[in-house]
Amino acid sequence: MRDAVTAPRLHPVPVRVMHWLNALAMLVMIPSGWGIYNDDVIIRGTLFPDWMRLGSWAAESLLWHFAGMWLLMLNGLAYLVYGLVTGRFRERLLPIRPRELVATVRDTLRLRIAHADLTVYNAVQKLLYIVVILAGVAQVVSGLAIWKPVQLSGLVAALGGFQAARLLHFGGMAVITGFLVVHVALALLVPRTLWAMLAGGPRVASRLRRQP
Ligand code: HEM
């Protein structure tokens with residue numbers, strides 16, 4: 001049996017490495033996506049200013065986007081497999097109880113953001129993490145569809161056509177960007193969580209027994 005010294009940390013090394021690689025991938029994907037968007041806007045009159053874009057023109061932004069894409073796809077796939085195989089997703093992101101969700105939203109609106117026990121995510125956190133993981137999957141699928149619409153014509157049709165896939169891709173970006181604003185703000189408001197995501201956090205013998 002693992003004791004308090006050898007038990008795994010709240011965020012084991014693979015989770016930390018994948019989390020920060022993912023943050024890096026998003027830092028490349030989002031602003032380069034804005035650069036590509038400017039070439040053929042979806043919302044008329046909406047352009048991203050130069051300082052928000054990665055790449056000085058659309059073709060350069062596209063190169064950045066494809067470079068980040070491989071990191072996001074491979075690292076995201078590794079995180080999904082890890083989360084499912086080790087049981088991390090089930091143990092840390094489920095269950096989400098509606099009553100707990102309502103109570104957490106109410107507390108947050110009253111600026112009562114308690115996170116005394118780092119080893120337990122509150123219901124809103126669980127929901128947000130599930131939403132952002134699904135949004136990441138949707139981004140990869142819709143991105144593949146608009147990258148290779150001829151070879152993946154079946155996928156494009158399943159998504160409702162090329163323009164619908166584009167809209168889905170744009171919507172996914174908006175969800176992830178919105179998540180990031182809240183996520184980073186909360187991490188800065190409760191810096192212990194940030195330190196835990198860097199150094200591993202407390203050892204948790206009982207909850208994550210099957211993780212390396
Ligand atoms: C600079 C950017 C980021 C910072 C400062 C940050 C910070 C953190 C912190 C502190 C935690 C632990 C939260 C806690 O213990 O209460 C966490 C977890 C998490 N973050 Fe981030 N994060 C960033 C970027 C991202 C990005 C880009 C994504 C995805 C799009 C993301 C998705 C997640 C997920 C899914 C978890 C839960 C991980 C797990 O327990 O398996 N984060 N993040």
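Provided above is the structure to which this section pertains.
The sections below set out a description of the structure shown in this document.

Parameters at a glance
Residues numbered from 1 in each chain as written. Predicted model: local features only at pLDDT ≥ 70, side-chain atom pairs only at ≥ 80, totals over all residues. Heavy atoms only, no water. Helix = DSSP H or I, 4+ residues; strand = E, 2+ residues; numbered from the N terminus. Buried < 20%, exposed > 50% of the residue type's maximum accessible area, 1.4 Å probe, protein only. Contact = heavy atoms within 4.5 Å. Lys, Arg positive; Asp, Glu negative; His and termini not counted. Charge placed at Lys NZ, Arg CZ, Asp CG, Glu CD. Near = heavy atom within 4 Å. Polar contact = N/O pair within 3.5 Å; in protein donor to acceptor, adjacent residues only side chain to side chain. Nonpolar A, V, L, I, M, F, W, Y, C, P; charged D, E, K, R; others polar. Arc of directions from axis to C-beta. Donors = N, O, S within 2.8 Å, 3.2 Å for Na, K, Ca; no water. Tetrahedral: all angles 85-135°; square planar, octahedral: opposite > 155°, others 65-115°. Axes fitted to C-alpha atoms, helices over the stretch in contact; angles between N-to-C directions. Parallel < 35°, antiparallel > 145°, perpendicular 65-115°, else oblique. Left-handed = near helix turned anticlockwise from the far one by under 90°. Patch = residues over 30% accessible without salt bridge, like charges linked within 9 Å, V, L, I, M, F, W, Y side chains within 5 Å. Areas by Shrake-Rupley, 256 points an atom, 1.4 Å probe, with all protein chains shown as cover. Salt bridge = Lys/Arg side-chain N within 4 Å of Asp/Glu carboxyl O. Core = buried A, V, L, I, M, F, W, Y, C linked by side-chain atoms within 4.5 Å.

A few words on the overall build of the chain. Along its length, the chain carries eight helices and zero strands. Each helix (α) and strand (β) of the chain, taken in turn from the N terminus, gives the series α-α-α-α-α-α-α-α. Judged by the C-alpha coordinates and their principal axes, the chain covers about 55 × 40 × 30 Å. Looking at the chain residue by residue over its 212 residues, the buried ones come to 34%. A separation of at least 24 residues holds for 75% of the contacts in the chain among residues at least 6 apart in sequence. Distance between charge centroids for the chain: 10 Å, based on 21 positive and 9 negative side chains.

What follows covers the site of the ligand. The immediate surroundings of the ligand are formed by 21 residues, with H19, Y79, H115, Y121 and H183 found nearest. Between the ligand and R88 there is a distance of 2.8 Å, counted from an oxygen atom to a side-chain nitrogen or oxygen. Listed by contribution, the elements that provide at least two residues to the shell around the ligand are α1 (13-37), α5 (123-147), α7 (162-189) and α8 (191-199). Residues that form the shell around the ligand fall into these classes: 13 nonpolar, seven polar and one charged.

Among all positions in α8, only T193, A196 and M197 are buried. Around the axis of α8, the buried residues are gathered within 95° of arc, so they sit on the same side. Count one or two residues on from α8 and you reach G200, which has phi positive near 115°.

Of the protein atoms, only H19 (NE2) and H183 (NE2) coordinate the iron atom of the ligand, at distances of 2.0 Å. Bound by six donor atoms, the iron atom of the ligand shows angles of 82 to 179° at the metal and therefore octahedral coordination geometry. With H19 in helix α1 and H183 in helix α7, the pair connects residues that are 164 residues apart, well separated along the chain.

The next point concerns the packing of helix α2 (residues 58-85) against α5. Their axes nearest at 11 Å, the elements α2 and α5 cross at an angle of 135°. With respect to α5, the axis of α2 lies oblique. The element α2 and its partner α5 pack so that their crossing is left-handed. Contact with α2, carried on its side by F66, M69, W70, L72, M73, Y79 and L80, involves I133, V137, V140, L144 and W147 of α5 and no other residues of that element. Its residues assigned to classes, the contact of α2 with α5 shows 12 nonpolar, no polar and no charged.

This part takes up the side chain of R16. Mapped onto the elements, R16 comes out in helix α1. There is a polar contact of 2.7 Å between the side chain of R16 and the backbone oxygen of H11. Every residue in contact with R16, bar those within four places of it in the chain, is listed here: H11, A196, M197, L198, A199 and G200.

Our focus in this paragraph is a nonpolar patch on the surface. Together, I113, L128, V181, V182, L186 and L189 make up an exposed nonpolar region whose accessible area comes to about 480 Å². The residue V182 is located in helix α7 in this model. Assessed through its relative accessible area of 41%, V182 is described here as partly exposed.

Attention now goes to the nonpolar core. Counting residues in each nonpolar core, the largest one holds 20 residues, and the members touching the most others are I30, L93 and I176. If you list the elements that add at least two residues to this core, you get α1, α2, α3 (88-93), α5 and α7. Ranked by residues supplied to this core, first place goes to α1 with six residues. Non-local contacts of I30, meaning those with residues more than four positions away in its chain, are made with M173, I176, T177 and L180.

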